[in-house]
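Understanding the architecture of this molecule
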Amino acid sequence: MLIRAELSDLLEALRLTSFDTNPLQFLVRLEAIRQTAIAHHFAAVAEIASVFEASMERVMQSGGGDSVVSSFTGILGDAIGCSQLSPAVTQSLLASVAVRLPN
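Summary of the structure given here. (Residues numbered from 1 in each chain as written. Predicted model: local features only at pLDDT ≥ 70, side-chain atom pairs only at ≥ 80, totals over all residues. Heavy atoms only, no water.)

Some thoughts on the side chain of Thr36
Mapped onto the fold, Thr36 is located in helix 2 (residues 23-39). Under the relative-accessibility criterion, Thr36 is labelled buried at 12%. Excluding anything up to four places from it in sequence, Thr36 contacts Glu6, Leu7 and Leu10. (Helix = DSSP H or I, 4+ residues; strand = E, 2+ residues; numbered from the N terminus. Buried < 20%, exposed > 50% of the residue type's maximum accessible area, 1.4 Å probe, protein only. Contact = heavy atoms within 4.5 Å.)

This is how it looks when you write it as structure tokens:
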């Protein structure tokens, strides 16, 4: 429960950070989520954070960050709230990301 609370706090800080205004701080906060997830064996959260970071790097080149941020913060919130974090759950959550992102 404490780790979920910590991850939720980190996610809230990320949501309060504007990628357009401060991309470096945004990516640092995203990395903090990923590192915390790795340290506490939240594989789904860590995997989603990694994909989120890669997507944001592409956004830096092409634009459209708001929809990516909205989609990924939502799915990260879902992943943090999951009681079961098996590989199958990770795969399902990543599939959810693909469905939520605009083409």
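Concerning helix 4 (residues 65-81)
The terminal C-alpha atoms of helix 4 lie 24 Å apart, and with 17 residues this matches the ideal 24 Å at 1.5 Å per residue to within 8%. Buried residues of helix 4: Gly65, Val68, Val69, Ser71, Phe72, Thr73, Ile75, Leu76, Ala79 and Ile80, and no others. (Expected span 1.5 Å × (residues − 1).)

Side note on the nonpolar core
Among soluble globular proteins, nonpolar side chains are generally buried collectively. Judged by nonpolar contacts, the single largest core of 28 residues is most densely connected at Phe26, Val45, Phe52, Met56 and Leu93. Counting only elements with at least two residues in this core, the list comes to helix 1 (2-15), helix 2, helix 3 (43-62), helix 4 and helix 5 (87-100). For this core, the element with the highest residue contribution is helix 3, accounting for eight residues. (Core = buried A, V, L, I, M, F, W, Y, C linked by side-chain atoms within 4.5 Å.)

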